Amino acid sequence: MNSGTVHWTRKDLLGLRELSVEEINLVLETADAFKQVGTREVKKVPALQGKTLINLFIEPSTRTRTSFELAAKRLSADIVNISAAASSLTKGETLKDTARVLEANHADIIVLRHSSAGAPQFLASRIASSVINAGDGAHEHPTQGLLDLYTIREKKGTVAGLHVAIIGDILFSRVARSNIFALLKMGARVTLVGPSTLVPREFEQLGVAVSHNLEEVLPTVDVVNLLRIQHERQRKEYFPGLGEYIRLFGLTKARARLLRPDCLIMHPGPINRGVELDSELADGAQSVILDQVTNGLAVRMAVLYLCGGIATR
Amino acid sequence: MRTFIRNGRIIDPANGRDEVGDLLIVDGRIGEKSAINDQQSEIEEIDAAGLIVSPGLIDMHVHFREPGFGWKETIESGARAAAAGGFTTVVCMPNTSPVADSPSTIAWIKDRAAEVAAVHVLPTGAISKNLGGEELAPIGSLAQAGVVAITDDGRCIQNNELMRRAVEYARMVGVPVLDHCQDYDLVGHGVVHEGYWSTLLGLPGWPAAGEEAIVARNILLAELCDHRIHCQHISAAGSVRLLREARARGVKISGEVCPHHIALTDEAIQNFDTDCKMNPPLRTQRDIDALLEGIADGTLEILASDHAPHAKFEKEVEFDAAPFGIVGLETELGLFLDLLVHRHRRIALPRLIEMLTVNPAKLLGLKCGTLSLGAVADVTLIDPDLEWTVDAGAFQSASRNTPFHGWKLRGRAIRTIVAGKTVWQL
């Protein structure tokens, strides 16, 4: 499982911006091994037996929390789920105190979902437990970035040299940022597409291209990664409405005909069918959306194993 | 009681004085040197060779948190921090609890300061009731109670009509208006400068235009009302440009600069350090260059700290949730000396002292800020070349929220004299 000379020395996984190409490859290779576990009759290995994992989800999430929970169970860890509503944070306790209480209960790994960018960095520097970022504000969602990378690599054989379009609400998207950091590191070309209010030109400084013309971009890409328009979070000044969004940036069947036949359609979910992505395309031959979910499990097993497993310390 | 300060370089910009000489303090006031020969009282001698003898420094922008937030800072601890930083006069912002929007609160602050403060602590009053931005505070009564200016600092009146009436009214009662320039709609929930780092880190951005829009508004209102509006803690290049143009036309508008806005760029937030979270936020090198240019050409004529103490437990939270602001009094002079005089060589020492003494005194109509004969003997002795390392643990302030811990600086105050009495000494 260990690839050559690369060793995982990190206690935490906070983001993909700070990872090296070697470290990313190590996670992906480790995930390869764990993916096979999912196909076995008995889907469980003892890698984290006796370890305690806390899913600390200060911001609601179903799919990511479930994925982490299943990943931890398959590694034989003990798991406790804490949601914002059920935590002492609603009683005025600070995040630091909440985490220290969990640490005092011998939590080995804390998986944190939080609405504030930087919250995982904040925790990781203050407690000895491993901290895994399960999404912090609009900052990073590293396991999503890794599972997207894993899926692209699985389907295309490599990531280097590919052209990936990330379409939608980039400004508020942690998925976009983790994807941008990882894809650029791995040698892909990235174009961001969306309304100018949600894809401001500052992103060009990150080393990506910015386009507001979907038709121009679609024929040139190997992967489209569609992001959900988070209309519940956005004030109405960011774009005139869903109708206009679909007209300008929705991946409709007509627009999908501009895609190369082997172009992958990805989406981190949850999908707004008929908004950013046509419903039939979501279930079509080019869609790898459910592969992303399955791979997410393997990638999260790999991350938990590397950060919290015996292999590390 | 007499004090004789020998052989210092006396810099008194109010009197155009810059020479090596002696200064005599008699009974708390600057005295005639001939009085040295009077035998009536004992004399303390201070050898100031190699030191600057400056009028006591003035910081017209501090938060001493009392009444209401004594765990962050008290008038007593804040005044000690001021003394340790070389400041003999400070001007307190009104965002206390209760807000300083009534004569009784002003009276309380003045009484408290008279009782416990090592330096002169001068209150400002709120422009609007409870800083709500909706109704005028009793500005006339506040002026009678002794406020030196009115301001809603920390907040900004968004209603241009209300601001206009406040400025007109302030003109009648003879107090300047200080304004924290922030357009709420443009800034939204912004916590850091909107630019590369906010984009990279996914933190809500605070665009420079959010400051510039209000600076422009204030220029128009200062012109309309023919009364002074002073723009606090200017952070953006565009604001400097607007101020320069307006001042050239003679508009009664001015701006101040804080040390952090020329010492750090927004790159400092990359590890989500809440001690780098301030309002207005740290901006770019381009903005720093414009601020330095504005300081050099006189567009920005006042330096201040925006000393904003917060307890560790308040700052030790998620970046979004942390309060804005840093303590500044004890690093201010060192940073300005180091950055403006030594490192960037943008201004000479006398100009620096002018910006920290006579300029704020003039703006606020204070008698201090000079070493004129007969003036209250507020004096700061400065070693402009002393190399020292900032140690937040040794601060006199009740709070430690600074991004400058461990910084090596050149130059600091080594003795602070208020009304003839040494209140702090290195």
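Everything numeric here is computed off the predicted structure, so don't read it as measured data.

About the cut-offs
Residues numbered from 1 in each chain as written. Chains lettered and ligands numbered in written order. Predicted model: local features only at pLDDT ≥ 70, side-chain atom pairs only at ≥ 80, totals over all residues. Heavy atoms only, no water. Helix = DSSP H or I, 4+ residues; strand = E, 2+ residues; numbered from the N terminus. Rg over C-alpha atoms; globule rule 2.2 N^0.38 Å. Buried < 20%, exposed > 50% of the residue type's maximum accessible area, 1.4 Å probe, protein only. Contact = heavy atoms within 4.5 Å. Areas by Shrake-Rupley, 256 points an atom, 1.4 Å probe, with all protein chains shown as cover. Lys, Arg positive; Asp, Glu negative; His and termini not counted. Charge placed at Lys NZ, Arg CZ, Asp CG, Glu CD. Core = buried A, V, L, I, M, F, W, Y, C linked by side-chain atoms within 4.5 Å. Domains from an automatic or database assignment. Buried area = accessible area lost by both parts, 1.4 Å probe. Salt bridge = Lys/Arg side-chain N within 4 Å of Asp/Glu carboxyl O. Polar contact = N/O pair within 3.5 Å; in protein donor to acceptor, adjacent residues only side chain to side chain. Nonpolar A, V, L, I, M, F, W, Y, C, P; charged D, E, K, R; others polar. Pairing = 2+ DSSP bridges. Axes fitted to C-alpha atoms, helices over the stretch in contact; angles between N-to-C directions. Phe/Tyr/Trp six-rings, centres within 6.5 Å; stacked < 30°, edge-to-face > 60°. Lys NZ or Arg CZ within 6 Å of the ring centre and 35° of its normal. Parallel < 35°, antiparallel > 145°, perpendicular 65-115°, else oblique. Left-handed = near helix turned anticlockwise from the far one by under 90°.

Participant: I'd like a description of the overall build of chain A, backed by residues and values.
Facilitator: When its secondary structure is counted, chain A shows eleven helices and nine strands. Computed over the C-alpha atoms, the radius of gyration of chain A is 19 Å, within 12% of the 20 Å expected from 2.2 N^0.38 for a compact globule of 313 residues. Dimensions along the principal axes, computed over C-alpha positions, put chain A at roughly 55 × 45 × 35 Å. Looking at chain A residue by residue over its 313 residues, the buried ones come to 58%. Restricting to contacts in chain A with at least 6 residues of sequence separation, those with at least 24 account for 73%.

Participant: Talk me through the overall build of chain B; I want residue IDs and the actual numbers.
Facilitator: Across its full length, chain B holds 14 helices and 18 strands. Against the compact-globule benchmark of 22 Å for 426 residues, chain B has a radius of gyration of 21 Å, which places it among compact chains. Each of the three principal axes of chain B carries a C-alpha extent, and together these read 65 × 45 × 45 Å. For chain B, contacts bridging at least 24 residues in sequence account for 76% of all contacts bridging at least 6. As displayed, chain B has an accessible area near 15,200 Å², and 48% of this comes from carbon and sulfur atoms. Here chain B holds 40 positive side-chain charges and 57 negative ones, and the gap between their average locations is 3 Å.

Participant: Residue-level account of the environment of Val21(A), with values.
Facilitator: All names here are of chain A. Tracing the chain through its elements places Val21 in helix α1 (residues 21-37). Residue Val21 is classed as partly exposed on the basis of its relative accessible area, which comes to 30%. When near neighbours in sequence (up to four residues on either side) are disregarded, Val21 contacts Lys185 and Met186.

Participant: Describe in detail the environment of Asp185(B), supporting the description with residues and values.
Facilitator: Summarising the element assignment, Asp185(B) is placed in helix α5 (residues 184-187). For the pair Asp185(B) and Val240(B), spaced 55 residues apart in the sequence, the C-alpha separation amounts to 22 Å.

Participant: Summarise the nonpolar core; cite the residues concerned and give the values.
Facilitator: Counting 169 residues, the largest nonpolar core has Ile166(A), Leu192(A), Leu304(A), Val121(B) and Leu352(B) as the members making the most contacts within it. The element best represented in this core is helix α11 (residues 289-308) of chain A, accounting for ten residues. Structurally, this core is a two-domain feature, drawing no fewer than three residues from each of domain 1 (2-52 + 375-388 + 408-425) and domain 2 (56-364) of chain B. Among all residues touching Leu304(A), those that are not within four sequence positions of it are Leu48(A), Leu53(A), Phe68(A), Ala71(A), Ala72(A), Leu75(A), Ile109(A), Val111(A), Ile132(A) and Gly309(A). In this structure, Phe172(A), Val193(A), Val217(A) and Ile289(A) belong to the second largest nonpolar core, which totals 25 residues.

Participant: So what's going on with the interface of chain B and chain A? Residues and values would help.
Facilitator: Taken residue by residue, the interface counts 16 residues in chain B and 20 residues in chain A. Carbon and sulfur atoms make up 57% of the surface buried where chain B meets chain A, a total of about 1,600 Å² over both sides. In terms of surface lost to chain A, no three residues of chain B exceed Thr199(B), Glu316(B) and Glu318(B), which account for 36% of the buried area on that side. Counting every contact that joins chain B to chain A gives two salt bridges. Between Glu316(B) and Lys96(A) there is a salt bridge, with its nearest N and O atoms 3.0 Å apart. At the boundary of chain B with chain A, the tally comes to five residue pairs in polar contact (both at pLDDT 80 or more). For the side of chain B that touches chain A, the residue count by class is eight nonpolar, five polar and three charged.

Participant: Describe in detail the environment of Glu135(B), supporting the description with residues and values.
Facilitator: All names here are of chain B. Assignment of secondary structure puts Glu135 in the loop between β8 (120-123) and α3 (139-145). Distance in space between the C-alpha atoms of Glu135 and Ile347 is 42 Å, their sequence separation being 212 residues. For Glu135, the contacting residues outside a window of four places in its chain are Ile127, Ser128, Lys129 and Leu162.

Participant: How would you summarise the sheet that holds strand β5 (residues 163-167) of chain A if you had to cite specific residues and measurements?
Facilitator: All names here are of chain A. Taken in spatial order, the five strands line up as β7-β6-β5-β8-β9 in an open sheet, and their pairing is parallel. Strand pairing shows two members of the sheet lacking a second neighbour, β7 (209-211) and β9 (264-266), which therefore form its edges. Each neighbouring strand pair of the sheet contributes to a mean axis angle of 20 degrees, computed without reference to strand direction. The pairing of strand β8 (residues 223-226) with β9 spans three bridges and is parallel. Looking across to β9, one finds that Val223 is bridged to Leu264. Across the sheet, helix α5 (residues 142-156) is in contact with β5, β8 and β9; its angle to β9 comes to roughly 160 degrees.

Participant: Explain the packing of aromatic side chains to me, and be specific about the residues and the numbers.
Facilitator: Residue and element names in this part refer to chain A. Applying the stated criterion across every chain yields a total of eight aromatic pairs over all chains. Ring centres 5.2 Å apart and planes at 80 degrees place the aromatic pair Phe172 and Tyr238 in the edge-to-face group. Within this pair, whereas Phe172 is found in the loop between β5 and α6 (174-185), its partner Tyr238 is found in the loop between β8 and α8 (242-249), the two being separated by 66 residues in sequence. A ring pair is formed by Phe239 and Tyr245, whose centres lie 5.8 Å apart and whose planes are at 55 degrees; its orientation type is tilted. An aromatic cluster is present here, built from Phe239, Tyr245 and Phe249 joined pairwise through their rings. The cationic tip of Arg300 hangs over the ring face of Phe68; the distance from NZ or CZ to the ring centre is 5.1 Å.

Participant: Give me the domain arrangement of chain B: which residues, what numbers.
Facilitator: Residues and elements named next belong to chain B. Each domain of chain B was delimited in the assignment, giving domain 1 (2-52 + 375-388 + 408-425) and domain 2 (56-364). Taking only C-alpha atoms into account, the centre of domain 1 sits 29 Å from that of domain 2. Domain 1 puts 25 residues into the contact, and the matching count from domain 2 is 26 residues. Taken over both partners, the interface formed by domain 1 and domain 2 buries close to 1,900 Å², and the fraction arising from carbon and sulfur atoms is 70%. Counting the surface domain 1 buries against domain 2, the share from its top three residues, Pro13, Leu409 and Arg410, is 24%. At the surface where domain 1 touches domain 2, the tally comes to zero salt bridges. In this assembly, domain 1 and domain 2 are joined by seven residue pairs in polar contact (both at pLDDT 80 or more). Of all elements in the fold, only β1 (2-12), β16 (379-389), β17 (408-418) and β18 (421-425) reach the threshold of two or more residues within the side of domain 1 that touches domain 2. Residue contributions to the side of domain 1 that touches domain 2 peak at nine residues, all from β17. Classifying every residue of the side of domain 1 that touches domain 2 gives 15 nonpolar, three polar and seven charged.

Participant: Just give me the short version of the packing of helix α4 (residues 160-173) of chain B against helix α7 (residues 209-225) of chain B, but keep the residues and values in it.
Facilitator: Residue and element names in this part refer to chain B. For the pair α4 and α7, interaxial distance at closest approach is 10 Å and the crossing angle is 45 degrees. The orientation of α4 with respect to α7, classified from their angle, is oblique. The interaxial crossing formed by α4 with α7 has right-handed handedness. Residues Asn160, Met163, Arg164, Val167, Glu168 and Arg171 of α4 form the contact with α7, whose participating residues are Arg217, Asn218, Leu221, Leu224 and Cys225. Of the residues in the contact of α4 with α7, the class split is five nonpolar, two polar and four charged.

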